[in-house]
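This is what each chain is made of:
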Amino acid sequence: DVEGGGIYSVAPAEAESREEAWKERYDYYMSVPLEECELVEDSVKTVTDGYEYQGDGWSIGGGVGGPAEYMTFDENGVFRSGMVGDNSDTLIIVFKRDADGTVTGMLYRAPEAPAST
C-alpha cells in the first residue's frame, strides 16, 4: 500500500543539486524577456483586491492587498511575481503598474528553459 503520506530522504549532495537546479530554472523564468513569451490573453485583469486565474485543472491567485505597497516594479512598471507549471509549460505571473497607478495582472507562457536549466 503506497497511498497516504510518507517520509523520504535524499543525500545532502543530491538535495543541494536539486536546489541549485531549481534556482537556475527560477532565475531563467524570472529573467526571460517577456517579448519572447506568449501573453495568455484571457488572463489580463485589473487588480483591485486580488488576482485570480483559473486554468485547466488548476488555479492561481489570492488577495494582494495594495500591490504597489509591497511589489518592486522595474523601470517599465513590471513586477514578476513568480511562475507556475513545469519545464515544458511554464507561466510567468506578471503585474504591470501604469502611470496612473492602475495595476494589471497577467500570465505569460514562457519558452522552455534550456536543457541545463
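Next up on the list: the environment of Val-32. With respect to the helices and strands, Val-32 occurs in the loop between α1 (12-31) and β1 (38-39). Here Val-32 falls in the buried class, since its relative accessible area comes to 3%. On a C-alpha basis, the gap between Val-32 and Pro-111 in space is 8.4 Å, while along the polypeptide they are 79 residues apart.

As a further point, take the nonpolar core. Counting 14 residues, the largest nonpolar core has Tyr-29, Cys-37, Ile-92 and Val-94 as the members making the most contacts within it. For this core, the secondary structure elements donating two or more residues are α1, β5 (78-86), β6 (89-97) and β7 (103-110). Judged by nonpolar contacts, the second largest core, of 13 residues, contains Leu-91, Ile-93, Phe-95 and Val-103.

Turning next to the confidence of the model for the chain. Residues with a pLDDT of 70 or more make up 74% of the chain, whose mean pLDDT is 80. Least confident of the elements in the chain is helix α2 (residues 67-70), whose mean pLDDT is 62; most confident is β1, at 96.

Conventions we followed
- Residues numbered from 1 in each chain as written.
- Predicted model: local features only at pLDDT ≥ 70, side-chain atom pairs only at ≥ 80, totals over all residues.
- Heavy atoms only, no water.
- Helix = DSSP H or I, 4+ residues; strand = E, 2+ residues; numbered from the N terminus.
- Buried < 20%, exposed > 50% of the residue type's maximum accessible area, 1.4 Å probe, protein only.
- Core = buried A, V, L, I, M, F, W, Y, C linked by side-chain atoms within 4.5 Å.
- pLDDT = per-residue confidence, 0-100.

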